[in-house]
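For reference, the chains in residue letters:
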2 protein chains.
Amino acid sequence: MFSQLPAVERMINAFRRLPGVGRKSAERYCLHLLTLPEADALEFSDAVRKARESITWCPQCRNLTDTTPCAICSDPRRDKGTLCVVERPAGAMALEKGGNYRGLYHVLHGVLNPLDGIGPDELHIDLLLKRIVSDNFTEVIIATNATAEGEVTAAYLARRIGDLGVRVTRIAHGVPMGGGLEYADDLTLAQALDGRSVISRER
Amino acid sequence: MFSQLPAVERMINAFRRLPGVGRKSAERYCLHLLTLPEADALEFSDAVRKARESITWCPQCRNLTDTTPCAICSDPRRDKGTLCVVERPAGAMALEKGGNYRGLYHVLHGVLNPLDGIGPDELHIDLLLKRIVSDNFTEVIIATNATAEGEVTAAYLARRIGDLGVRVTRIAHGVPMGGGLEYADDLTLAQALDGRSVISRER
């Protein structure tokens, strides 16, 4: 009966398109919204619509923004010489939450993946290279994710940006802070060993 | 930066009000909706609004419906002599999915809970009793959940409905089908023993 209501079925299907939401969770969310006071459910719908309508991509860094350019690109206190390249807005968001990075960002909105037809053109790498030259960045930090595609993209960007004579760095991969060695997977341990640094005073 | 965008913060807060959705999941859903094509995000918003606007409570059984009365109440093939009382629309939905119940439903939209100020008036028990009398039900199955409040509500309804001279039954509680004894909790095992039935041929 419930799923025979077309309006409800449409809502359930809309929720199922969210990442990690299956049929059961979608039904639970929908039942909740249908038993809320109508004003609360409409507030939910309106919040989604307003956000999607007001949020665009910053023309400079391609991060999500409600101003042009975005708050970070136009903040005079940011370090204009350092650029951090991330796969998605979530990556920039995570770094901002950490609060330790003061440079600018560039969001690729994806990674190189030839099988899915994602090449340098789809990620608009030419825009990134032009920006690096025109804005005189002195260091570009590649912070793509530690996946196969993320590493390939990092290697590709290192070559293209290095050709411009700009210093390219990669964020460190290793054992997470607070994490015991016994919980880290083999690949992470290998990265942690490879990326070891000297801590004794060097003579 | 991301959470400094008021429209995004509003959307995240709207998602956090869904059952079982925390800050991290809400951010993930919102980022997904913000990077979708705009039409898809607006479809999501519209599906929620349309559903909430078109779905009401059936005046007879108080289940969710887009018609008056609902499809089950108006279905001539249903058994009009049997009524199943559930706490929430999700309960009726679960029974309908099972496909073994052919009677009608009554949704309480809650359980008796004096500490939260939920009494017989808040659950409109008088409407339920009137319906049982006027529609000549011969059996009322109480299918409130197997929680303390659900059991109290079941006992209360059994007394009130029994006073009308109508047969009142309770769904069985015991070890789930396919579940081993070793996975059932003590309370479930006690219920399973209490509710045992004779399977040998009785002379």
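Residues numbered from 1 in each chain as written. Chains lettered and ligands numbered in written order. Predicted model: local features only at pLDDT ≥ 70, side-chain atom pairs only at ≥ 80, totals over all residues. Heavy atoms only, no water.

Remarks on the relation of the copies chain B and chain A
Where we set the bar: When the copies are overlaid, the least-squares fit takes in C-alpha atoms only where the residue has pLDDT of at least 70 in both copies. The contact definition used throughout considers only heavy atoms, calling two residues in contact when any of these lie within 4.5 Å.
Superposition record for chain B on chain A: RMSD 0.1 Å, screw rotation 180°, translation along axis 0.0 Å. Both chain copies can therefore be described as sitting about a two-fold axis. Of the C-alpha atoms belonging to chain B, the one lying closest to the rotation axis is found on Ser45 of chain B, 2.3 Å away. Looking at the interface residues of chain B, 100% of them are also at the interface in chain A, so both copies use one shared face.

Re the pattern of salt bridges
The following threshold applies: Here, a salt bridge means any side-chain nitrogen of Lys or Arg that lies within 4 Å of a carboxyl oxygen of Asp or Glu. Secondary structure elements are defined from DSSP: runs of H or I of at least 4 residues count as helices, runs of E of at least 2 residues count as strands, and each element is numbered from the N terminus. Burial here depends on accessible area, computed with a 1.4 Å probe over protein chains only, as a share of the maximum for the residue type. Under 20% is buried, over 50% is exposed, and the range in between is partly exposed.
Scanning the entire structure with this criterion turns up 25 salt bridges over all chains. A salt bridge links Arg167 of chain A to Glu139 of chain A, with the nearest nitrogen and oxygen atoms 3.4 Å apart. One end of the pair, Arg167 of chain A, is in strand E6 (residues 167-170); the other, Glu139 of chain A, is in strand E5 (residues 139-142), with 28 residues separating them in the sequence. Given the relative accessible area of 54%, Arg167 of chain A is considered exposed. Here Glu151 of chain B makes a salt bridge to Arg170 of chain B, at a shortest N to O gap of 3.2 Å.

Points about the interface of chain B and chain A
What counts is decided by this rule: Buried area is understood as the total, over both parts, of accessible area removed when two parts are fitted together, assessed with a 1.4 Å probe.
The partner chain A presents 53 residues to the 53 residues of chain B that form the contact. Between chain B and chain A lies a buried interface of about 5,100 Å² when both sides are counted; carbon and sulfur atoms form 70% of it. In this structure, the connection of chain B to chain A is made through 6 salt bridges. Across the salt bridge formed by Glu43 of chain B and Arg10 of chain A, the nearest N and O atoms sit 2.9 Å from each other. If you list the elements that add at least two residues to the side of chain B that touches chain A, you get helix H1 (6-16), helix H2 (23-35), helix H3 (38-54), strand E2 (64-65) and helix H4 (89-98) of chain B.

Observations concerning the domain arrangement of chain A
Put simply, the rule reads: Each domain span listed reflects an automatic or database assignment of domains.
As far as domains go, chain A holds domain 1 (2-54) and domain 2 (58-200). Using only C-alpha atoms to locate each centre, domain 1 of chain A and domain 2 of chain A end up separated by 34 Å.

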